[in-house]
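Results of the structural survey
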Amino acid sequence: MAASLKNIFSTLPHFPTTLSFSLSLSPPRTHFFVGSVLLLLLPLFFCLLPATFADTSPAAASAETLLSRLFSTSATASCASHGASLSAVEETEKRSPRNGGTDEVGDVNSCDIFDGNWVMDDSEPFYRPGSCPYIDDAFNCIKNGRPDSDYLRFRWKPYECQIPRFDGRKMLKMLRGKRLVFVGDSLNRNMWESLVCALRESLVDKNRVFEVSGKREFRTQGFYSFRFLDFKCSIDFIRSPFLVQETMSRTLRETLRLDVIQDSSSKYRDADLIVFNTGHWWTHQKTSKGRNYFQEGHHVYEKLEVTEAYSKALKTWAQWIDDNIDSNRTRVFFRGFSASHFRGGQWNSGGNCDGETQPITEETQLAPYPWMMRTLESVIAEMKTPVLYLNVTKMTDYRKDGHPSIFRQPEASRGDGMVHQDCSHWCLPGVPDSWNELLYAILKISGYGSRSNNPWISGLFQ
């Protein structure tokens, strides 16, 4: 057993598509939690420590030190209770309302749920195309005339386990009395709309969910909220594409303050769950060129590489999280970079992706892992607040078929000229539904919202 554990710990740093996990953690900033459920292995190891780490090898010592840092006293319940919790996770679920079949959770405690592939699944989508009134027209591909539908039939399947099927009713029960906020760019709005629609589909009376603020207010203030009355919970979106503050000077010069969190942060400080993202706006022309745009204090950089600017911005975000978020109350997630699939140019230079009807099937055809995600991973590694990393980069890279492309608008609105295709966002229903299924799986496995919270997983968020 000791050799087995040492092998697992020694391989943790070698998951480039998941996360580089450093065992040389420096106190007090020692908590680095990836969305990967590889971390769920740790409580089992903790129970086995007395027998396993009797030797004094460096690998054993590193693992023992890591475990002692990860688990607070309140999280180290008896091994018997841990075993009971694990057994509960691995039980077969009841019939899923989505497909009427059984759904085994499987060995999730030893599985990276972000490492897998897309499989054909004849189950119904979480919500029927055209059934949800809250989807932006730009994401509503069926409404805009997309003729094919195979892109709706794929489900994400991890290689080593089976995740629980999304159940909107169960998720609403988890979220009873809670506030879940998505903070970021329009890709997070994609994910937010997907979740609102999936949860709404589970309601018998669809009138029991309502918009807290109208679209006009949403567009001017960058805030939008839906409230589910019977569960006293809200699902919100706050627009913050950089997470740090965009400013406009008296001379109408626009800059990005790398050292100041966006002022909308006061709107989500007390949320129960927050899902952050930033990425695509850092690839835009003015951002990527970095000339007279990035600012710290009163200093505007004449030239600053976007890689350095992105790192500075994320460190500002991380410091704000560490200083302002109560991790005993709020769970923090960061959704990774979502892949784009432009051919022959970018969105404003003739790039296209129309005609794609099937995912990429070979991993060798995927794009290199984005530099932004490696930067994000290094920043999260230094935070004292636990952050669960939803690493969707690889799973989205397969899905060149899932974008709106020309179906970002109805045919009548396209005209005869060149249409800017959307190969960044996703059709809804579509790929973001699977992101929310993974979010649901993580919350379900952790016992979130139940009185019988799995004690050792709860400890991850303390």
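This text gives an overview of the structure that appears in the document. (Residues numbered from 1 in each chain as written. Predicted model: local features only at pLDDT ≥ 70, side-chain atom pairs only at ≥ 80, totals over all residues. Heavy atoms only, no water.)

1. Focus on the sheet that holds strand S13 (residues 299–300)
- The 4 strands lie next to each other as S9-S10-S12-S13, forming an open sheet whose pairing is mixed. A single partner strand is all that each edge strand has here, and the edge strands are strand S9 (244–248) and S13.
- Relative to strand S12 (residues 294–296), strand S10 (residues 254–261) runs parallel, the two being bridged by 2 bridges. Note that in S12 the partner of leucine 256 across the bridge is phenylalanine 294.
- With respect to the sheet, helix H9 (residues 306–324) is in contact with S9, S10 and S12, its orientation differing from that of S10 by roughly 40°. (Pairing = 2+ DSSP bridges. Helix = DSSP H or I, 4+ residues; strand = E, 2+ residues; numbered from the N terminus. Contact = heavy atoms within 4.5 Å. Axes fitted to C-alpha atoms, helices over the stretch in contact; angles between N-to-C directions.)

2. What to know about the pattern of salt bridges
- Summed over all chains, the structure comprises 21 salt bridges.
- Here arginine 179 makes a salt bridge to aspartate 236, at a shortest N to O gap of 2.6 Å. One end of the pair, arginine 179, is in strand S5 (residues 179–184); the other, aspartate 236, is in strand S8 (residues 233–239), and 57 residues separate them in sequence.
- Taking relative accessible area as the criterion, aspartate 236 reaches 1% and is therefore assigned buried.
- Close ionic contact of arginine 343 with aspartate 354 constitutes a salt bridge, the shortest N to O distance being 3.9 Å. Here aspartate 354 lies in the loop between strand S14 (331–335) and helix H10 (371–381) and arginine 343 lies in the loop between S14 and H10, a separation of 11 residues in the sequence.
- Residues joined by salt bridges that share partners form a network here, namely Arg343, Asp354, Glu356 and Lys400. (Salt bridge = Lys/Arg side-chain N within 4 Å of Asp/Glu carboxyl O. Buried < 20%, exposed > 50% of the residue type's maximum accessible area, 1.4 Å probe, protein only.)

3. Comments concerning the pairing of S5
- Counted residue by residue, S5 has 5 buried out of 6 residues, so it is predominantly covered.
- Bridge count between S5 and S8: 6 bridges; the pairing is parallel. Within S8, the residue paired with valine 183 across the bridge is isoleucine 238.
- Inspection of the sheet shows S5 paired to strand S11 (residues 273–276) by 4 bridges, in the parallel sense.

4. Structural notes on the nonpolar core
- Membership of the largest hydrophobic core comes to 59 residues, with the highest contact counts inside it found for Met171, Leu175, Phe182, Leu199, Ile235 and Phe333.
- Each residue touching leucine 175, except ones within four places of it in the same chain, is listed here: Leu180, Leu199, Phe231, Cys233, Ile235, Leu273 and Tyr448. (Core = buried A, V, L, I, M, F, W, Y, C linked by side-chain atoms within 4.5 Å.)

5. Things to note about the environment of valine 419
- In this fold, valine 419 is placed in the loop between helix H12 (411–414) and helix H13 (431–446).
- Placed 68 residues apart in sequence, valine 419 and glycine 351 show a C-alpha to C-alpha distance of 9.8 Å.
- The contacts of valine 419, once residues within four sequence positions are left out, are Arg408, Gln409 and Arg414.

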